[in-house]
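Survey of secondary and tertiary structure
What follows is the residue order along each chain.
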Amino acid sequence: MSNLEKITIRSAVLADLPIMFKLMDDALESPSDSNEMEQRLERWSTRFNKNSSFIFYVAMTDDKNMIGWCSGRQTLECNRTVGDQTYDCEVGHMFILKPYQHRGIGRELWKIVWNDVLTRFYPKNFIVWSVDKEQAHQFYVSLGGTPIGKKNVEDTILTAYVWNDLKLYDSTNFLMFK
């Protein structure tokens, strides 16, 4: 008998938002109070409309616990330009619970969101603004990103990673691991 755990990646639904926010708060070590959470839910709920340019995927365990999520979209105005270059699309968020990191789940989430963004919006280039940490740097560089700039947002330094050679990935919608 195997002790492999199946992780499924699926499109997120509006009902996933409270858990997605909890994962984000945990990852950023910045818990939201109930008032902040309610305001975020109200603001973000429109991102799940049928015609929204936002794409969300979640990673779930066999027992239906969310362990991570990732979002992609056409680039928000505040993230579009670095130096003299304007970027079309971006991954806006990616969070994986610590016990599930370094198992390939983030890479699979990335591939699925990336492919969805490429087939939906046909961008000519791509950008990610990420926290300026070595682990994030290694992850995005391993995916082919080139670090090209930094900015400070609310006392957090972010690094821009860009891609100009956009190709679809082979990917699955689940992973098996020990």
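All of these numbers come straight from a predicted model, not from anything done at the bench.

Rules of the game
- Residues numbered from 1 in each chain as written.
- Predicted model: local features only at pLDDT ≥ 70, side-chain atom pairs only at ≥ 80, totals over all residues.
- Heavy atoms only, no water.
- Helix = DSSP H or I, 4+ residues; strand = E, 2+ residues; numbered from the N terminus.
- Buried < 20%, exposed > 50% of the residue type's maximum accessible area, 1.4 Å probe, protein only.
- Disulfide = S-S within 2.5 Å.
- Polar contact = N/O pair within 3.5 Å; in protein donor to acceptor, adjacent residues only side chain to side chain.
- Contact = heavy atoms within 4.5 Å.
- Phe/Tyr/Trp six-rings, centres within 6.5 Å; stacked < 30°, edge-to-face > 60°.
- Lys NZ or Arg CZ within 6 Å of the ring centre and 35° of its normal.
- Expected span 1.5 Å × (residues − 1).
- Salt bridge = Lys/Arg side-chain N within 4 Å of Asp/Glu carboxyl O.

1. Focus on unusual backbone geometry
Even without being a glycine, K64 presents a positive backbone phi close to 70 degrees. Among the secondary structure elements, K64 is positioned in the loop between β2 (54-61) and β3 (66-74). Note on K64: relative accessible area 64%, which makes it exposed. For H102, which is not glycine, the phi dihedral falls at a positive 65 degrees. Relative to the helices and strands, H102 is located in the loop between β6 (89-96) and α3 (105-121).

2. Some words on the state of the cysteines
Under the criterion given, the structure shown has zero disulfides. As a non-bridged cysteine, C70 has C89 as the owner of its nearest cysteine sulfur, 13 Å distant. Judged by its relative accessible area of 2%, C89 is buried.

3. Points about the side chain of S52
Note on placement: S52 falls in the loop between α2 (34-45) and β2. A polar contact of 3.0 Å, which involves the side chain of S52, links it to the backbone nitrogen of F54. The contact partners of S52, leaving out residues within four places of it in the chain, are T46, R47 and R120.

4. Observations concerning the packing of aromatic side chains
Summed over all chains, the structure comprises 18 aromatic pairs. Both rings, one in F54 and one in F56, keep their centres 6.2 Å apart while their planes meet at 10 degrees; by these two values the pair is stacked. An aromatic cluster is built from W110, W114, F126, F139, Y140, Y161, W163 and Y169, whose rings are joined through pairwise contacts. Looking at R47, its charged tip hangs above the ring of W44, at a distance of 4.3 Å from the centre. We note K151 situated over the ring of W129; from NZ or CZ to the ring centre the distance is 4.3 Å.

5. So, helix α1 (residues 17-28)
Over its twelve residues, α1 extends 16 Å from the first C-alpha to the last, a length consistent with the 16 Å expected when each residue adds 1.5 Å. Within α1, burial applies to L17, M20, F21, L23, M24 and D25. As for α1, its buried residues are in contact with α2, β2, β3 and β6.

6. Considering the pattern of salt bridges
Counted by the stated rule, this structure contains eight salt bridges. Residue D26 is joined to K22 by a salt bridge in which the shortest nitrogen-to-oxygen separation is 2.9 Å. One end of the pair is D26 and the other is K22, both in helix α1 and four residues apart, which spans about a single turn. For D26, a relative accessible area of 40% corresponds to the partly exposed category. When its relative accessible area of 47% is taken as the criterion, K22 is described as partly exposed.

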